[in-house]
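Overview (structure and organization)
Okay, here's what each chain looks like letter by letter:
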Amino acid sequence: MKGIKRLIFLSLLVSIGLGLSIIESMMPVPFVAPGAKLGLSNMVILITLVIFGFMEALTVGILKSIIFTLVSGSVTSLFYSLSGSVLSCVLMFIIYNNFSNIFSLIGVSIFGALAHNFAQVLVASLMMKNFRIFSYLPILLLTSLFTGYFVGLVSIFVVNNLKKFFDNIFYSKN
């Protein structure tokens with residue numbers, strides 16, 4: 001049963017990430033940088049990375065991006081979402097595995113937010129064949145510091161509470 005419980009929990013994480021993406025896409029963010037978002041669904045990827053590992057986090061991020069594209073109907077959003085999810089997941093994995101003695105989950109989350117925004121600006125510049133879009137990057141990177149901090153803070157809270165009950169969820173005799 002351990003495998004089925006794990007699969008169900010990962011499916012719930014994908015669903016939560018999708019729900020957060022949908023809610024976030026409907027929220028107007030009054031900010032200087034149009035298109036800037038809080039990155040709430042990245043919280044799910046970070047939590048999955050800490051609790052389950054890299055491959056599961058990457059899978060959750062990819063599935064969330066694909067399903068969000070199907071729900072929203074915006075095919076171009078797939079390129080932005082997928083590139084941001086994959087690059088941020090890879091960088092968060094590298095930082096978490098190699099530098100967790102230096103950076104807390106807040107630091108890991110900030111690196112993930114920076115990578116996510118960089119990937120999205122890169123994809124936008126390639127799609128529009130205009131590298132002047134990179135002039136927008138400093139504003140997004142500054143925003144990443146705050147959104148990454150918030151996502152990391154919430155992730156610490158969730159991971160600490162999940163770890164308390166992790167053994168009960170996955171290793172009970174039922």
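Reference entry: report on the structure contained in this document. On a predicted model such as this, the values are computed, not experimentally measured, just so you know.

1. Focus: helix 5 (residues 105-128)
- Here helix 5 spans 34 Å end to end across 24 residues, near enough to the 34 Å set by a 1.5 Å rise per residue.
- Of the residues trailing helix 5, Lys 129 is marked for its positive phi of about 50 degrees.

2. With respect to helix 3 (residues 54-72)
- With 19 residues, helix 3 extends 27 Å from end C-alpha to end C-alpha; this agrees with the ideal 27 Å at 1.5 Å per step.
- Among the residues of helix 3, those classed as buried are Ala 57, Leu 58, Val 60, Gly 61, Lys 64, Ser 65, Phe 68 and Thr 69. Seen end-on, helix 3 carries its buried residues on one side only, within an arc spanning 160 degrees. Within helix 3, the exposed residues directed more than 90 degrees away from the buried face are Met 55 and Leu 70.
- Residues of helix 3 that are buried sit in contact with helix 1 (2-26), helix 2 (40-51) and helix 4 (75-99).
- The positive-phi residue at the C-terminal boundary of helix 3 is Gly 73, with phi of around 80 degrees.

3. Remarks on the environment of Val 60
- For Val 60, the location among the structural elements is in helix 3.
- In the structure, Val 60 is positioned 25 residues away from Ser 85 in sequence and 9.3 Å away in space, judged by C-alpha atoms.
- Setting aside its immediate chain neighbours within four residues, Val 60 contacts Leu 10, Leu 13, Val 14, Val 44 and Thr 48.

4. Remarks on a nonpolar patch on the surface
- Residues Val 86, Val 90, Ile 94, Phe 99 and Ile 102 make up a contiguous nonpolar surface patch of about 370 Å² in total accessible area.
- Counting through the fold element by element, Val 90 comes out in helix 4.
- Of the residues examined, Val 90 reaches a relative accessible area of 30% and is grouped as partly exposed.

Rules used throughout
- Residues numbered from 1 in each chain as written.
- Predicted model: local features only at pLDDT ≥ 70, side-chain atom pairs only at ≥ 80, totals over all residues.
- Heavy atoms only, no water.
- Helix = DSSP H or I, 4+ residues; strand = E, 2+ residues; numbered from the N terminus.
- Expected span 1.5 Å × (residues − 1).
- Buried < 20%, exposed > 50% of the residue type's maximum accessible area, 1.4 Å probe, protein only.
- Arc of directions from axis to C-beta.
- Contact = heavy atoms within 4.5 Å.
- Patch = residues over 30% accessible without salt bridge, like charges linked within 9 Å, V, L, I, M, F, W, Y side chains within 5 Å.
- Areas by Shrake-Rupley, 256 points an atom, 1.4 Å probe, with all protein chains shown as cover.
- Salt bridge = Lys/Arg side-chain N within 4 Å of Asp/Glu carboxyl O.

None of this, on its own, says anything about what the molecule does.
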